[in-house]
Amino acid sequence: MLLVTTGCGSSGDRSGAVTINVLADGQSDPAAMQPAIRLFERTHPDIRIKYSTVPFDQADTAVQSRLSQHDKSIDAYFVDQPRVANLAAQGFLLDLSSLVPQAKRDTLPASYAPGTYQDKLYSLPLWTSAQFLFYNKDLLAKAGVAAPDLDPAHRWTWEEVVAAARKAQQAGAKWGLLFDQTDRYYQLQPLAASAGGGSGIGGADRLHPDIENSGWQKAMSWYGALFKQGIAPRGIDTSQMEPLFNSGKAAFIVAGAWEIQNGNAAKGLHFGVAPHPYFAGGSVAMPSDSWALGVNPFGAHRSQAIDFVKFATLNEQGNATTRQVSGDIPANRKAFATYATGLDRAAKPAPGIGTLLRYELAHSVVHRPTSVGYTQFEDIMTDMFSNVRNGADAGDQLHDASRQLSSAWAHLK
Amino acid sequence: MAVETSHREARTRRALTSTTRRRARGRRAGELAPAALFLLPALLSLVVLRLYPAIIAIVNGFRHAALGAPGAHWAGLQNYRWLFSDPGFLHSLWVTVLFNLLINPNQVVIALGLAVLLTQRILLAGLWRTLVFLPIAVPAAASAIVWNVIFQPDGLADGFLGVFGVGAQPFLTSAHQAMWCVIVVCSWIGVGYWMMFLIAGLQDIPRVYYEAAVVDGAGVVKRFWHVTLPLLRRPLAFVLVADTVANFVTFAPVQILTSGGPEKSTNLLMYEIYRQAYQIGDLHYADAEVTILIVILTVITAIEFKLLQSRG
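Residues numbered from 1 in each chain as written. Chains lettered and ligands numbered in written order. Predicted model: local features only at pLDDT ≥ 70, side-chain atom pairs only at ≥ 80, totals over all residues. Heavy atoms only, no water.

### Focus: the overall build of chain B
No. 1: Counting secondary structure elements, chain B contains 13 helices and two strands.
No. 2: By the burial criterion, 37% of the 312 residues in chain B qualify as buried.
No. 3: When the accessible surface of chain B is summed, it comes to about 18,100 Å², and 69% of that surface belongs to carbon and sulfur atoms. (Helix = DSSP H or I, 4+ residues; strand = E, 2+ residues; numbered from the N terminus. Buried < 20%, exposed > 50% of the residue type's maximum accessible area, 1.4 Å probe, protein only. Areas by Shrake-Rupley, 256 points an atom, 1.4 Å probe, with all protein chains shown as cover.)

Here it is in structure tokens:
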């Protein structure tokens, strides 16, 4: 399952050049980073990049298993930002604190913080993320439903979304509402946060589960009901959610900004964008954060790896080219400004999305919690979400997940 | 005179026997080196790929690493105390035993049935054997991916059942059906493989026994019961033991089809070990689970061998 792509040419075609290995998640096209790699190799003729990807769901596992063996063959790797604390605590990330002034100056403030642990900098942000409510204009029009507004002041509630989704289904839509990343904490944390449930991690040491409160109960009961009532589909893999929406089979999808690019490329899809919904009476909460780059402290070419990490994150042009294919949001301040301005000017799907993006990143973000136990937390929560989606009682599942978390964290203290 | 002759003959015989033994020992010593050389790759593989990792796992099962602390320390039986008070692990153990109780008899009986059927004089027997055997030639992961599509909502399985008026089934999303789905996939992969061993065993049974049984007036059932089964005991023992071991270490279909869910209904021990080691990140806890799996497999294999030997 390991896909390997390399920059142009073989490692021996330039004498004296050092080849560094970069391990990435394979959510996007393995060719996605090639523009950045080509640019880096042009500007750093003494370094070559060997770029490997592993499937998204196995990325963290691959890093965990290889670094626990002190694998020297990885020089730099993609880090899911909430895992920074866990990886740093295990000694799997090189301290990059010498880059703090530059990192603070050149990256988005909200993206800088998740790269730190115990006042040290361990990773630099490649991208950030924002989630929007995407809707199918044709399906809503057919159902006689007025489309939601782009203005965050007129943000829809989840209750409004479900009511509109039901009407769309009655008018012929196969599905009412999809979540781009079914069963992933990143996607579903905002439900509990909006209902007042918090992140799910409590305690001074951030190693105490807090998922049996009324906010989590409400959020998970609502989530389970979506599938029970047939508004959202059971048994469909996360990777199929966007294709379902893009092929006109769903009225709504909550998805990342990358769906703007993918939706624009989908034939015959007329879609619109609206702010991330919230529960009536609750608070606004939108997921954010994304992938960062870290350096393997056991790597054979740490200095060259740092050069690549700096180029891909702190260099405006370098950072902009990393997301050229994938459609992710750049975390470099200048690259972000250019990207957001471009979104504002784009006619398709609608002008003004850059303004919404800036507003959401400034006012609506809920970060995933910082905890050395985040890895265990995310794994156990994924199972819990899956069980609730498949029809298990939300209260029972939250109780069971809480017990599992207590047990897993107790072992690791 | 006769006594002296007898003594002489005895001495000669002893001398000859002793010479023969010496020659045999010499020959054996001469053969030992090439024999060892031929066995070396297999023995090395066994030590490097099987014994060494098993010993490492057993030793590491007595160690523990805390989050954020560098390195691991000796923890004695702590991991085992946690394991046997962990409802998640105990449930995984129960699920694995249940899975094996369901799948092993089914697979062996179906493989035996197919073996008996396909050793009869039926049209295109070779083709049917090939078709039944074919799934084992496909990697287990690829088979699981194909079956995952079959079990999807509105998939082939629902379409097939719909022909008989059965409504859409939840399959992989139901805690009551997911294990049966895994059993179907594992059996689809494995039955043809086990069938081939049994066909070889059936072909080794001399026809004369069947002819004698026919002369004695034994029907098809009696011939199967009194001739086939007793003479097939050795290959059957092998298939039962190897099948049990294979099913105890089932991993790919679980990871691809269900990830141990829904509600841990398919959280077999191998998947639980993988999850602890690489998702939860507690390698030593996983090593303790590996040790328990090794012990269980050793005990079950020993019992199965004993039971099948004692009947003879």
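### Section: the packing of helix α1 (residues 34-43) of chain A against helix α12 (residues 302-313) of chain A
Residue and element names in this part refer to chain A.
No. 1: Where α1 meets α12, the closest approach of the two axes is 11 Å, and the angle between their N-to-C directions is 120°. When the interaxial angle is binned, α1 and α12 end up oblique. Between α1 and α12 lies a crossing of right-handed hand. Where α1 approaches α12, its residues Ala36, Leu39, Phe40 and Thr43 are matched on the opposing element by Asp307, Phe308 and Phe311. (Axes fitted to C-alpha atoms, helices over the stretch in contact; angles between N-to-C directions. Parallel < 35°, antiparallel > 145°, perpendicular 65-115°, else oblique. Left-handed = near helix turned anticlockwise from the far one by under 90°. Contact = heavy atoms within 4.5 Å.)

### Some words on the domain arrangement of chain B
Residue and element names in this part refer to chain B.
No. 1: When its domains are assigned, chain B resolves into domain 1 (2-60) and domain 2 (81-311).
No. 2: Computed from C-alpha coordinates alone, the two centres of domain 1 and domain 2 are separated by 39 Å.
No. 3: It is Ala57, Ile58 and Asn60 in domain 1 that bury the most area against domain 2; as a group they hold 91% of the surface buried on that side.
No. 4: Remark: the boundary between domain 1 and domain 2 carries zero salt bridges.
No. 5: On inspection of domain 1 and its partner domain 2, the count reaches one residue pair in polar contact (both at pLDDT 80 or more).
No. 6: Here the residues of the side of domain 1 that touches domain 2 sort into three nonpolar, one polar and no charged. (Domains from an automatic or database assignment. Buried area = accessible area lost by both parts, 1.4 Å probe. Salt bridge = Lys/Arg side-chain N within 4 Å of Asp/Glu carboxyl O. Polar contact = N/O pair within 3.5 Å; in protein donor to acceptor, adjacent residues only side chain to side chain. Nonpolar A, V, L, I, M, F, W, Y, C, P; charged D, E, K, R; others polar.)

### Focus: the state of the cysteines
All names here are of chain B.
No. 1: Overall, the coordinates contain zero disulfides over all chains when judged by the stated rule.
No. 2: Here cysteine 181 is not cross-linked by a disulfide; its sulfur's nearest cysteine counterpart is in cysteine 186, at 11 Å.
No. 3: Taking the relative accessible area as the measure of exposure, cysteine 186 reaches 8% and is therefore buried. (Disulfide = S-S within 2.5 Å.)

### Considering the sheet that holds strand β9 (residues 131-136) of chain A
Residues and elements named next belong to chain A.
No. 1: Across the sheet, which stays open at both edges, the four strands sit in the order β10-β13-β9-β14 with mixed pairing between neighbours. Two strands bound the open sheet, and with one partner strand each, they are β10 (175-179) and β14 (271-274). Strand-to-strand, the axes of this sheet are offset by a mean angle of 20°, without reference to chain direction.
No. 2: Strand direction decides the pairing type here: β9 and β14, joined by four bridges, are antiparallel. From the neighbouring strand, asparagine 136 faces β14, where its bridge partner is phenylalanine 271. (Pairing = 2+ DSSP bridges.)

### Some remarks on the environment of A:Asn319
All names here are of chain A.
No. 1: Here asparagine 319 lies in helix α13 (residues 316-322).
No. 2: Linking asparagine 319 and methionine 286, residues 33 residues apart in sequence, is a C-alpha distance of 24 Å.
No. 3: Once residues within four sequence positions are removed from consideration, asparagine 319 is found in contact with Pro125, Leu126, Phe311, Ala312, Thr313, Pro330, Ala331, Asn332 and Ala335.

### Quick look at the packing of aromatic side chains
No. 1: What the rule picks out here adds up to 37 aromatic pairs over all chains.
No. 2: When the ring of B:Tyr274 is compared with that of B:Tyr278, the centres are 6.0 Å apart and the planes differ by 55°; the resulting orientation is tilted. Of this pair, B:Tyr274 and B:Tyr278 both sit in helix α12 (residues 269-280), four residues apart, which is roughly one turn of that helix.
No. 3: For B:Tyr274, a relative accessible area of 15% puts it in the buried group.
No. 4: Classification of B:Tyr278 by relative accessible area gives partly exposed; the value is 30%.
No. 5: Here the aromatic cluster, defined as three or more aromatic residues joined through ring pairs, consists of A:Trp158, A:Phe179, A:Trp222, A:Tyr223, A:Phe227 and A:Phe279. (Phe/Tyr/Trp six-rings, centres within 6.5 Å; stacked < 30°, edge-to-face > 60°.)

### Things to note about the interface of chain B and chain A
No. 1: Contacts between the two partners involve 28 residues from chain B and, on the opposite side, 28 residues from chain A.
No. 2: Of the roughly 2,400 Å² buried between chain B and chain A on both sides combined, carbon and sulfur atoms contribute 52%.
No. 3: On inspection of chain B and its partner chain A, the count reaches four salt bridges.
No. 4: For the pair chain B and chain A, the number of links is seven residue pairs in polar contact (both at pLDDT 80 or more).
No. 5: Within the residue set of the side of chain B that touches chain A, elements represented by two or more residues are α3 (87-118), α12 and α13 (283-310) of chain B.
No. 6: With six residues, the single largest contributor to the side of chain B that touches chain A is α12(B).
No. 7: Tallied by class, residues from the side of chain B that touches chain A come to 14 nonpolar, eight polar and six charged.

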